[in-house]
Structures are given as C-alpha cells and as structure tokens.
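# Residue-level structure breakdown
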Amino acid sequence: MPAIKFYNRPAVPMEMHKVKIVQKLNLLPARQRLEKMHEAGFNTFLLHNGDIFMDMLTDSGVNAMSDEMQAAMLRADDAYAGSETFYRMNAKLTEIFGIKHLLPAHQGRAAEHIINLHFIKPGNCVIMNYHFTTSKAHVTRLGGRVEELLCDEGLVTKSDLPFKGNIDLNKVKACIEREGAANIPYIRIEAGTNLIGGQPISYENMKAATDLAREHGIATVLDASLLQDNLYFIKVREESMKDKSIREITRMIADLFDVIYFSGRKFGFGRGGGILVRDEKLFHAMEDYVTMFEGFLTYGGMSVKEMEAMIVGFEETMDFDIISQGPQFIDHCVRQLDELGVPMVTPGGGLGAHINARQVLDHVPSDQYPAGSLVAALYLCGGIRGMERGTLSEERNPDGSERIASVEMVRLAFPRRVFTFSQTEYVIDRVKWLYDHRHLVGGLRFVHEPKTLRFFTGRLEPIGNWPEKLIEAYIADFGEDQ
Ligand code: F0G
C-alpha cells in the first residue's frame, strides 16, 4: 500500500524526498546500443554507464545520499589510526544493533573473506537459507561447502507467500544430524535473500533457526546487507510485529546473532562494510585479518567520508518512511507487469523487480543462458541495464558441465531514492514490449569464460543474428533515435 492516500487519482507509490541535485541521462539511439552490446561481449557488467539510460544493474553503491549524509562527509576525521569517524560509526552501530565490537571492511565480500578465514576448515559445511555468489565463493575457496536449506516455496516463482526467504527448520535439523554440529562452523541467515528475488525472511523463522543452532553450539551469522527491505517486510507482513518500531525490530533480530556483517554499499546508503562481533575473543581472533587484507582497524579500506555518510545512513534506515519507498516502487512494477502477463517473481521483494526469464524465454535452453539473453535484449530495447541471475551466475560443476540454476531471473534493481515514478513506468512499458516480442530473442554462448565468478567479466556472443532482428523490430515501433 502506498504511504500517501489519494483523493481522486489512482494511488501510486510516492517519493518521500525532493530532488536537490541531478545527473543527466543519455538514451543512445537503438543501433548504437546494439554496437555497444557487441563491444561489451553481451555482458551487461561490461557496458559503460554513459551508454545506459536506466541503470538497474544493482542497488550496490548507487543509492542516493541525503543532504544530511553529504553534509556529514565534511566532518570526516582523516587519520590512519584512531579516526574519530570510526568511533562514531562504531557507536552508532552499537546503538542500533546492541553489539559492541566492530571490524571495518571495505565492502560486503571483504567481510565475508575475513569471517570465512576464521571459521572455515576444509570439509566444513555452512548452513544458509540461500547463498549469495560471493558468500558461497568464499566458503568453497577455503574447501568448505554450502547447504542451502531454503523452504521449498522459496523457489516457486509465482506465489503470494510473504516470507519466501525462510529457512526450512526440518532440513536444518536433519542437516545438523547428518553432518554433526562440529562440522558446521556457522549458520548464515541472509535477510533478505538476494538471489531468489530479494525475498524476506520472517523474524519468527530467524528466531527458530538461530535457537536450533544455539542448542547445538553452532555460531549464528546474519548477512544484513539487505536488511533494510527485510525490516520493512517484517513490519508490514508479520502480524506479531506490526506494532513494533523499525528500531525495535532491528534490535530483536540482532539479539539472535553472534556475528552481523553487511555491505555498506546497500545497508546505510554508502560504500563500505563491516562485521559486528558479540564475543570479544572472537573479535580479537579476526582482527589480524583486517589489518592484513583491509587496512588499519579504524578504517578497514573505507574512505572516512563514506563512513561519516553511512553513520547518518544507518540512522535513516531506522525511518519507516524512508525504507518504505524501495519496496513500494518494486511492488508497483511487479504488480503492473504481472497484470500485463509478464511472468514475474511474486510477491515483489526488496532490492528489485525480478522477471522469470526461464518462462519468458522457454524456447532458449538453460545452457544458452535465457536470463543472460533477456538482460542483453532489455538493454537493446530501451537502454535498460538489468542483471542476469541464473545459470550464467553459477560456476561449472567440477567435471566441467553446466550447473543449471534453480531459478533463471533478470533482476531490475531499484537503487534506493534514485528513480522516479515516470522512469518506473518507462521500464514497465519496455519490458512489456520485449515480452510481446520474446520469440525474437535467442541464446548466448561464451567466447571468454573465467573460472571464478564468470558473470562479472566473461564475454559471450549471440547464437545467430537475433539481436539484429530484434533491434529492427524495435525501430519499427519506436524509431531510430530511441
Ligand atoms: N551479501 C549480499 C546479500 C549481497 O547482496 C552482496 C552484494 C554481498 C553480500 C556482497 O557485498 O558487493 O559489498 O561485496 N550484492 C551486490 C548485488 C553485488 O548487486 O546484489 P559487496
């Protein structure tokens, strides 16, 4: 439900801010976009931002700052060691999460690096509701393994379940029995779950899962990178939590965990990261890795200006008005496209709107990367950059065969406080056009395939000349210069 009620206009989600500074956008003519896509090896990560009209690749490091955040940057205390900015950041996070010790890290995966260096021994098994690309890569790099114990409904793309990110408690019990608690260094809860569409996890489920872990002496770790949206969903979708403030919900969640880490590129509207550690001994055990890989303990690879901005950003995250806008814009986008017949992941989650690419391109086999094709096609048809989240984002099996992803999606991220309502309408319009012309889209194959995290820098080519045909159909409807 939009926060603001309307008198005689259809209610729409509302921006709860006004624009103070802007960046001009560039919509390249259609044929030039085709050239750029060829140059980028049909990988949206390799496009230049200046060639993009709507950058919906990610919500990471591209969220709009507030005036207060920018103003705070001037207060930043530059010091290699002992920066006052760090102590302010530590104090703010301690106030919000109730955990005393903070290890700074330059971004989320750096936090994962440090946590796993401490926890993982070869053969270990880490329980998760669902993996994120970097969180899994850090476990497996060290010889560990990940067990994703998401509830079965989590992978049902079209659903009206409020908490598709929940972990299956029976599967957790069975896994602990099978593996033995000693082989499970920690349970990682991702709130909300990025790769299944930013779907939230309920407080009740987090509590039950962490209770189970604690009974068996297994450490509990929260990935809070996407916590902002998850807080909103707990408040509006979890009946028993509806009268609690965002601050209260945050503290209740935090109390369940031994370690909380985050990407400050998402959580806090800035750029950075950190690890909150409850136990002092554990904190000291991880310290050395920070000085070795990130920087001194009072900046950890972050700019102090970004740290100051994030301190304000953390506080803004406790404001229900502010954190409501992202999920409401996403909900609007998902509902509209769903009504127009486009297969979407429902209900709308946090982070972005997710298109079920396997269903849209059911004529493209999984090993020709339907989500990769669809995301490339969307750039061709409107200058919109989304992100592939499917088989292309997986790593191959040890025998070299493709690991077919359980969900094949295109993510259209809504960076927080960035896009307007009319821009959202444009995206809906172009996605619908592409859906109606989906038969024109074909598959992709690799011409350069990196071994690790291949989706970032891999280069592909279209199988056949479908991009040329698609662009001609687009031009027939919209003209050459769009
Ligand atoms: N955990 C989650 C849930 C994430 O979504 C991300 C990043 C990370 C950890 C790693 O953080 O990028 O700061 O190193 N997600 C980005 C995305 C990359 O586009 O979804 P990072």
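Our subject is the structure that appears above.
Let me begin by describing the structure that accompanies this report.

Conventions used here
Residues numbered from 1 in each chain as written. Predicted model: local features only at pLDDT ≥ 70, side-chain atom pairs only at ≥ 80, totals over all residues. Heavy atoms only, no water. Phe/Tyr/Trp six-rings, centres within 6.5 Å; stacked < 30°, edge-to-face > 60°. Helix = DSSP H or I, 4+ residues; strand = E, 2+ residues; numbered from the N terminus. Buried < 20%, exposed > 50% of the residue type's maximum accessible area, 1.4 Å probe, protein only. Lys NZ or Arg CZ within 6 Å of the ring centre and 35° of its normal. Pairing = 2+ DSSP bridges. Axes fitted to C-alpha atoms, helices over the stretch in contact; angles between N-to-C directions.

### Side note on the packing of aromatic side chains
The full count for this structure, using the stated rule, is 20 aromatic pairs. Ring centres of phenylalanine 45 and phenylalanine 455 lie 5.7 Å apart, and the angle between their planes is 50 degrees; this geometry places the pair in the tilted category. Residue phenylalanine 45 is found in the loop between helix H1 (30–39) and strand S1 (54–55), and its partner phenylalanine 455 is found in helix H16 (residues 454–457); the two are separated by 410 residues along the sequence. A residue is classified by how much of its surface remains accessible, and phenylalanine 45, at 22% relative accessible area, is partly exposed. Measuring from centroid to centroid gives 5.0 Å for phenylalanine 45 and phenylalanine 456, while their planes differ by 80 degrees, and the two rings are edge-to-face. With a gap of 411 residues between them, phenylalanine 45 in the loop between H1 and S1 and phenylalanine 456 in helix H16 connect regions that are remote in the sequence. On the accessibility criterion, phenylalanine 456 (23% relative accessible area) is partly exposed. Three or more aromatic residues link up through ring pairs in this structure, and these residues are Phe97, Phe262, Phe267 and Phe314. If you follow arginine 389 out to its NZ or CZ, it ends over the ring of phenylalanine 455, 5.0 Å from the centre. Above the face of the phenylalanine 478 ring, arginine 430 is positioned so that its terminal group lies 3.9 Å from the ring centre.

### Description of the sheet that holds strand S5 (residues 186–190)
The strand order S2-S8-S7-S6-S5-S3-S4 describes an open sheet built from seven strands, whose pairing is mixed. Of all strands in the sheet, those with a lone pairing partner are strand S2 (101–105) and strand S4 (145–148), marking the two edges. In this sheet, neighbouring strand axes are inclined to one another by 20 degrees on average, regardless of whether the strands run parallel or antiparallel. Pairing between S5 and strand S6 (residues 219–223): five bridges, direction parallel. By the bridge assignment for S6, glutamate 190 is matched with aspartate 223.

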